[in-house]
Amino acid sequence: MPYVNSAERYGIKKGLEQGLAKGITKGRREHAVDLAVRLASHKLGKLSVEIEAQIKRLSLRKLDQLALALFNFTSMDDLAGWLQTQHS
């Protein structure tokens, strides 16, 4: 095994930490997308491909807001309107 000096160890450690942080963030976002799609489908029925695509484009913060907003929606039009305001 080759010798690794302290600067190299530091670089490796930082790279691993950054990779882990990115992986955790990606996992949280994927979970939030899945949850939002499942909640919307359960409450409003089958989602169109376009509505689902719009949900998948939302940021993590917007996905959290959508999960809460879904409690107040009574129709697919409510969801479509909410999504429209988020992308304009």
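Only a predicted model underlies this, so the values are computations on that prediction, with no experimental measurement involved.

Engineer: Can you lay out the confidence of the model for the chain for me, pointing to particular residues and giving the numbers?
Structural biologist: In this model, the chain carries a mean pLDDT of 89, and residues with pLDDT of at least 70 account for 98%. Helix α2 (residues 49-56) holds the highest mean pLDDT among the elements of the chain, 96, whereas helix α1 (residues 6-44) holds the lowest, 85.

Engineer: Describe the side chain of Gln 86, and please don't skip the residues or the numbers.
Structural biologist: Tracing the backbone shows Gln 86 in helix α4 (residues 76-87). In terms of polar contacts, Gln 86 uses its side chain to reach the side chain of Thr 85, at 3.0 Å. Once residues within four sequence positions are removed from consideration, Gln 86 is found in contact with Leu 58, Lys 62 and Gln 65.

Engineer: Summarise the packing of α2 against α4; cite the residues concerned and give the values.
Structural biologist: The N-to-C vectors of α2 and α4 enclose an angle of 45 degrees; their axes lie 11 Å apart at closest approach. Taken together, α2 and α4 sit at an angle that is classed as oblique. α2 and α4 meet at a crossing whose hand is left-handed. Residues Ile 51, Gln 54 and Ile 55 of α2 form the contact with α4, whose own contacting residues are Leu 79, Ala 80, Leu 83 and His 87. Of the residues assigned to the contact of α2 with α4, the class counts are five nonpolar, two polar and no charged.

Engineer: Help me get a handle on the side chain of Gln 54, residues and values and all.
Structural biologist: Within the fold, Gln 54 resides in helix α2. Take Gln 54: its relative accessible area is 13%, and that puts it in the buried class. Setting aside its immediate chain neighbours within four residues, Gln 54 contacts Leu 83 and His 87.

Engineer: Let's hear about α2: which residues, and what values?
Structural biologist: Restricting attention to buried positions, one finds in α2 the residues Ile 51, Gln 54 and Ile 55. Across the axial projection of α2, the buried residues extend over an arc of 100 degrees, all falling on one side. The inward-facing, buried residues of α2 abut α1, α3 (60-69) and α4.

Engineer: Any details on α1? Residues and values, ideally.
Structural biologist: Each α-helix winds once per 3.6 residues, and so residues spaced three or four apart point in a common direction. Its 39 residues give α1 an end-to-end C-alpha distance of 56 Å, which sits within 8% of 57 Å, the value for a rise of 1.5 Å per residue. Among all positions in α1, only Ala 32, Val 33, Ala 36, Val 37, Ala 40 and Leu 44 are buried. Residues of α1 that are buried in the fold lie against α2, α3 and α4.

Engineer: Give me the lowdown on the pattern of salt bridges, citing residues and values where you can.
Structural biologist: A complete count under the given rule lists three salt bridges for this structure. The shortest N-O distance in the salt bridge between Arg 57 and Glu 50 comes to 3.5 Å. The closest approach of N and O atoms between Glu 52 and Lys 56, which form a salt bridge, is 3.5 Å. With Glu 52 and Lys 56 both in helix α2, this residue pair falls four residues apart, about one helical turn. Of the residues examined, Lys 56 reaches a relative accessible area of 44% and is grouped as partly exposed.

How each quantity is defined
- Residues numbered from 1 in each chain as written.
- Predicted model: local features only at pLDDT ≥ 70, side-chain atom pairs only at ≥ 80, totals over all residues.
- Heavy atoms only, no water.
- pLDDT = per-residue confidence, 0-100.
- Helix = DSSP H or I, 4+ residues; strand = E, 2+ residues; numbered from the N terminus.
- Polar contact = N/O pair within 3.5 Å; in protein donor to acceptor, adjacent residues only side chain to side chain.
- Contact = heavy atoms within 4.5 Å.
- Axes fitted to C-alpha atoms, helices over the stretch in contact; angles between N-to-C directions.
- Parallel < 35°, antiparallel > 145°, perpendicular 65-115°, else oblique.
- Left-handed = near helix turned anticlockwise from the far one by under 90°.
- Nonpolar A, V, L, I, M, F, W, Y, C, P; charged D, E, K, R; others polar.
- Buried < 20%, exposed > 50% of the residue type's maximum accessible area, 1.4 Å probe, protein only.
- Arc of directions from axis to C-beta.
- Expected span 1.5 Å × (residues − 1).
- Salt bridge = Lys/Arg side-chain N within 4 Å of Asp/Glu carboxyl O.

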